[in-house]
Amino acid sequence: RNIVIFGDSGVGKSSIINMLTGSSSAIGPTFESSNYMIPINDETFSVWDTTGLDEGTHGRVLAEVAEKNLTKLLRELGGANGI
C-alpha cells in the first residue's frame, strides 16, 4: 500500500515520516520524492515524502515542477498498487 504525504514547504511532511519510522531518516527540505517502507501493525506501507508545493518561482524546486512531479508520482502509483 502506498501513502503519499504532500503539502506546502515546512509544514512537517518529513517530520511525520520520522515519527512513523521512529528515526530521523527523512530530512527536509525534500527536493524529490523519497520512499520509506514503514511497518504498521501487520502491514508494511510505502510512505512517500514529497517536495513542498509552495516555493513559487524563487524556490529550489519551482512550484510548477513540484506539482508536475507529484502528479507523475500519483499517476504511477495509481497504475501500480494504488494509493
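Residues numbered from 1 in each chain as written. Predicted model: local features only at pLDDT ≥ 70, side-chain atom pairs only at ≥ 80, totals over all residues. Heavy atoms only, no water.

### Side note on the pattern of salt bridges
Summed over the entire model, instances satisfying the criterion amount to three salt bridges. Residue arginine 1 is joined to glutamate 43 by a salt bridge in which the shortest nitrogen-to-oxygen separation is 3.4 Å. Placement of the pair is arginine 1 in the segment before strand E1 (2-5) and glutamate 43 in strand E3 (residues 43-49), with a sequence separation of 42 residues. For glutamate 64, the salt bridge identified is with lysine 68, shortest N-O distance 3.4 Å. (Salt bridge = Lys/Arg side-chain N within 4 Å of Asp/Glu carboxyl O. Helix = DSSP H or I, 4+ residues; strand = E, 2+ residues; numbered from the N terminus.)

### Details of the nonpolar core
Formed by Ile5, Ile17, Ala26, Tyr36, Ile38, Phe45 and Val47, the largest nonpolar core amounts to seven residues. When contributions to this core are tallied by element, the ones reaching two or more residues are strand E2 (34-40) and E3. Among the nonpolar cores identified, the runner-up in size contains five residues, and Val4, Trp48, Leu70 and Leu77 belong to it. (Core = buried A, V, L, I, M, F, W, Y, C linked by side-chain atoms within 4.5 Å. Buried < 20%, exposed > 50% of the residue type's maximum accessible area, 1.4 Å probe, protein only.)

### A closer look at the pairing of E2
Bridge count for E2 against E3 is seven bridges, and the pairing is antiparallel. In the strand pairing of E3, serine 34 is matched with aspartate 49. What sits between E2 and E3 in their antiparallel hairpin is a turn of two residues, with asparagine 41 showing a positive phi close to 55°. (Pairing = 2+ DSSP bridges.)

### Comments concerning a nonpolar patch on the surface
Together, Ile16, Met19, Leu20 and Ile40 give the surface a local cluster of nonpolar side chains, amounting to about 350 Å² of exposed area. The element contributing the most residues to the nonpolar patch is helix H1 (residues 13-21), with three residues. Tracing the chain through its elements places methionine 19 in helix H1. On the accessibility criterion, methionine 19 (63% relative accessible area) is exposed. (Patch = residues over 30% accessible without salt bridge, like charges linked within 9 Å, V, L, I, M, F, W, Y side chains within 5 Å. Areas by Shrake-Rupley, 256 points an atom, 1.4 Å probe, with all protein chains shown as cover.)

### Section: the sheet that holds E2
Pairing is mixed across the open sheet formed by three strands, whose spatial order is E1-E3-E2. Lying at the two open borders of the sheet, with one neighbouring strand each, are E1 and E2. Between one strand axis and the next, the sheet turns by 30° as a mean value, whatever way the strands run. For E1 and E3, the ladder comprises four bridges, and the chain directions are parallel. Residue pairing for E3: isoleucine 5 is matched across the bridge by aspartate 49. Each of E1, E2 and E3 is contacted by H1, which is oriented at about 160° to E3, the strand it contacts most. (Axes fitted to C-alpha atoms, helices over the stretch in contact; angles between N-to-C directions. Contact = heavy atoms within 4.5 Å.)

Honestly, that's just the spatial picture; any functional story needs more than this.
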